[in-house]
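Listed here are the chains, written in short residue letters.
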Amino acid sequence: MVVDDHPMWREGVARDLTEAGHVVVATSGAGRQAVRVAAAARPDVVVLDLQLPDVSGVEVIRGLRAVLPQVRVLMLSASGEQQSVLDAVKAGATGYLLKSAAPAEFLEAVRRTAAGEPVFTPGLAGLVLGEYRRLAAHPGGADPGGRAARGAGPAPRLTDRETEVLRLVAKGMSYRQIAERLGLSHRTVQNHVQNTLGKLQLHNRVELTRYAIERGLDD
């Protein structure tokens, strides 16, 4: 699903996705409408603009996650401001890409987002990891997802391999990089991540990264 208030941009993105073999189940030009449409269309991935005429993209993310907890959101915005990126990720965005990205980079970002991998314009990944480390060092800070409180009890038992994969996730490595490091297939790494998400009751790799950093697994 594509959500952007500029018709030409919205239609162009939808066309590029369709030509690349993706199925675009819906488009929308407003935030509240997008949440209603998404509840019916049930997209796997939402490509979402930050600036919308009625509500912010951050509010849309929260609305989408309320009706579709497993949905993956790729922010596609003209703004690369630090606070915009952090607000979007804290609300539940899987990735954040600037509109200046090349078409090939955008399509690769959609593919990776669909696979559950966090995707960021170069330079933004370090910003997000840095913020998570700051929050982990100051647990009294903002925790909109309530994950710090949830992690206060005994940690679920992970296998040695799941823990090993989790450490590499916390370092910001992609599935492909993790597979090469551990000598595993891409699919096996995906399976380990999905199993870990299920055990920890988390929704995506962004939340998983936060969890790992809170427990010092990024050292």
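In this report, the structure presented in the accompanying data block is examined. (Residues numbered from 1 in each chain as written. Predicted model: local features only at pLDDT ≥ 70, side-chain atom pairs only at ≥ 80, totals over all residues. Heavy atoms only, no water.)

1. Topic: the nonpolar core
In plain terms, the rule: Each nonpolar core is a collection of buried residues, namely Ala, Val, Leu, Ile, Met, Phe, Trp, Tyr and Cys, held together in the definition by side-chain atoms within 4.5 Å. Residue exposure (1.4 Å probe, protein chains only): buried if accessible area is under 20% of the type maximum, exposed if over 50%, otherwise partly exposed. A run of H or I in DSSP becomes a helix once it reaches four residues, and a run of E becomes a strand once it reaches two; helices and strands are each numbered from the N terminus. Throughout, a residue-residue contact means that at least one pair of heavy atoms, one from each residue, lies within 4.5 Å.
If you look at the biggest cluster of nonpolar residues, it comprises 27 residues, and the most contacted ones within it are Leu-48, Ile-61 and Met-75. Elements with a minimum of two residues in this core: helix H2 (31-41), strand E3 (45-48), helix H3 (57-67), strand E4 (72-77) and helix H4 (82-91). Ignoring anything within four residues of it in the chain, the contact list for Ile-61 reads Leu-48, Val-73, Met-75, Ala-88, Ala-91, Gly-92 and Ala-93. Counting 21 residues, the second largest nonpolar core, distinct from the first, contains Leu-166, Val-169, Met-173 and Ile-178.

2. Notes on the packing of helix H1 (residues 7-19) against helix H5 (residues 103-114)
What counts is decided by this rule: In this analysis an axis means a line fitted to C-alpha atoms, helices contributing only their contacting stretch, and an angle means the value between N-to-C directions, from 0 to 180 degrees. In what follows, roughly perpendicular refers to angles from 65 to 115 degrees, roughly parallel to angles under 35, roughly antiparallel to angles over 145, and oblique to any angle outside these ranges. Each crossing gets its handedness from the near helix: less than a right angle anticlockwise from the far helix is left-handed, clockwise is right-handed. For this classification, the nonpolar set comprises Ala, Val, Leu, Ile, Met, Phe, Trp, Tyr, Cys and Pro, the charged set comprises Asp, Glu, Lys and Arg, and every other residue, Gly included, is treated as polar.
Packing of H1 against H5 leaves a shortest axis separation of 11 Å and a crossing angle of 70 degrees. With respect to each other, H1 and H5 are oriented roughly perpendicular. The hand of the H1/H5 crossing is right-handed. Residues Val-13, Asp-16 and Leu-17 of H1 form the contact with H5, whose own contacting residues are Phe-106, Leu-107 and Val-110. Here the contact of H1 with H5 is built from residues that sort into five nonpolar, no polar and one charged.

3. Here we look at the environment of Glu-164
We apply this condition: Any pair of nitrogen or oxygen atoms within 3.5 Å is treated as a polar contact; in protein, a donor-acceptor pairing is required on top of that, and neighbouring residues in sequence qualify only through side-chain atoms on both sides.
Along the chain, Glu-164 turns up in helix H8 (residues 160-170). Residues Glu-164 and Leu-182, 18 residues apart in the sequence, show an inter-C-alpha distance of 8.9 Å. At 2.8 Å, the side chain of Glu-164 forms a polar contact with the side chain of Arg-161.

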